[in-house]
Amino acid sequence: MTTSNNTYVKRTQRDYTLGFKLLVSLSIKERSVRETRQAELAPVNGMVLELRRFIPRLGTRKLYFFWKPKLIAKGTKIGRDALFDYLREESLLVKPKRSYTKTTNSRH
């Protein structure tokens, strides 16, 4: 009885060690992939700020439509949803205008 219990404990300790090593290696790889992706998308930030200087409320879908040929020519692979995610991380999404109802026409 005790030997099977000891092997069970050893097995779980080994599994935890392997799992921890795997977790650490995955987090290192994820970090390097994220840093590479941010370096690849760094010019997009400048392009957004430059274009919004002239058209301040230009949304992400139109930005993507305008830039798709440029991005393909540069070799930057990004889709519309990924562009939304990137602009959200950089706090560059356009805040929607608040709509309100005008109930009284006082100029009659």
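Under an unreviewed UniProt entry, the name given to the protein chain is Integrase, and the organism recorded is Vibrio thalassae.

Q: Would you explain the pattern of salt bridges in this entry?
A: When their charged atoms lie close together, side chains carrying opposite charge are able to pair. Under the definition given, this model contains 2 salt bridges. Close ionic contact of Arg80 with Asp81 constitutes a salt bridge, the shortest N to O distance being 3.5 Å. When its relative accessible area of 38% is taken as the criterion, Arg80 is described as partly exposed. With a shortest N-O distance of 3.0 Å, Asp85 and Arg88 are connected by a salt bridge. Here Arg88 and Asp85 lie together in helix 3 (residues 80–89), a separation of 3 residues that amounts to about one turn.

Q: What exactly am I supposed to notice about the packing of helix 2 (residues 60–74) against helix 3 here?
A: Helices that pack against each other are described as a pair by the angle of their axes relative to one another and the distance between those axes. Their axes nearest at 10 Å, the elements helix 2 and helix 3 cross at an angle of 120°. The pairing of helix 2 with helix 3 is recorded here as oblique in orientation. The way helix 2 lies across helix 3 gives a crossing that is right-handed. Along the contact surface, helix 2 presents Thr60, Arg61, Leu63 and Tyr64, while helix 3 presents Arg80, Leu83, Phe84 and Leu87. For the contact of helix 2 with helix 3, the residue count by class is 5 nonpolar, 1 polar and 2 charged.

Q: Just to check I follow, could you spell out helix 2 for this structure?
A: Because each turn of an α-helix spans 3.6 residues, side chains separated by three or four positions in sequence point in the same direction. Remark: the principal bend of helix 2, roughly 50°, maps to Trp67, with a proline, Pro69, within the next four residues. Regarding helix 2, the residues found buried are Thr60, Leu63, Tyr64, Trp67 and Leu71. Just beyond helix 2, the residue with positive phi is Gly75, at close to 90°.

Q: What's the story with the nonpolar core in this structure? I'm lost.
A: One broad trend across soluble globular proteins is that nonpolar side chains are buried collectively. The biggest cluster of nonpolar side chains holds 14 residues, and the ones touching the most others in it are Val44, Val48, Leu63, Trp67, Leu83 and Leu87. Listed by contribution, the elements that provide at least two residues to this core are helix 1 (2–54), helix 2 and helix 3. Residues in contact with Leu83, not counting those within four places in the same chain, are Val44, Thr60, Tyr64 and Ile78.

The rules behind the values
- Residue indices follow the written sequence of each chain, beginning from 1 at its first position.
- Local features in this predicted model are restricted to residues of pLDDT 70 or higher, and side-chain atom pairs are both shown and tallied only at a pLDDT of 80 or more, whereas totals for entire chains, interfaces and linings draw on every residue.
- Values shown for side chains rest on all heavy atoms present in the structure; no hydrogens or waters enter the calculation.
- The salt bridge definition used is simple: a Lys or Arg side-chain nitrogen within 4 Å of an Asp or Glu carboxyl oxygen.
- Working definition: with a 1.4 Å probe on protein chains only, accessible area under 20% of the residue-type maximum means buried, over 50% means exposed, and in between means partly exposed.
- Helix and strand definitions here come from DSSP, where helices need a minimum of 4 consecutive H or I residues and strands a minimum of 2 consecutive E residues; each element is numbered from the N-terminal end.
- To define axes, lines are fitted to C-alpha atoms, for helices over the stretch in contact only, and angles between the resulting N-to-C directions are given on a 0 to 180 degree scale.
- Under this scheme an angle from 65 to 115 degrees is roughly perpendicular, one under 35 degrees roughly parallel, and one over 145 degrees roughly antiparallel; angles in between are oblique.
- Should the near helix be turned anticlockwise from the far one by less than a right angle, the crossing is left-handed, and should it be turned clockwise, the crossing is right-handed.
- Whether two residues are in contact is decided by their heavy atoms, any of which lying within 4.5 Å being enough.
- Gly falls in the polar group here, along with every residue not listed as nonpolar (Ala, Val, Leu, Ile, Met, Phe, Trp, Tyr, Cys, Pro) or charged (Asp, Glu, Lys, Arg).
- Bend, at a single residue, is the angle you get between axes fitted to the 7 residues ending at that residue and the 7 residues starting at it.
- For the purposes of this section, nonpolar cores are sets of buried Ala, Val, Leu, Ile, Met, Phe, Trp, Tyr and Cys residues that join through side-chain atoms within 4.5 Å.

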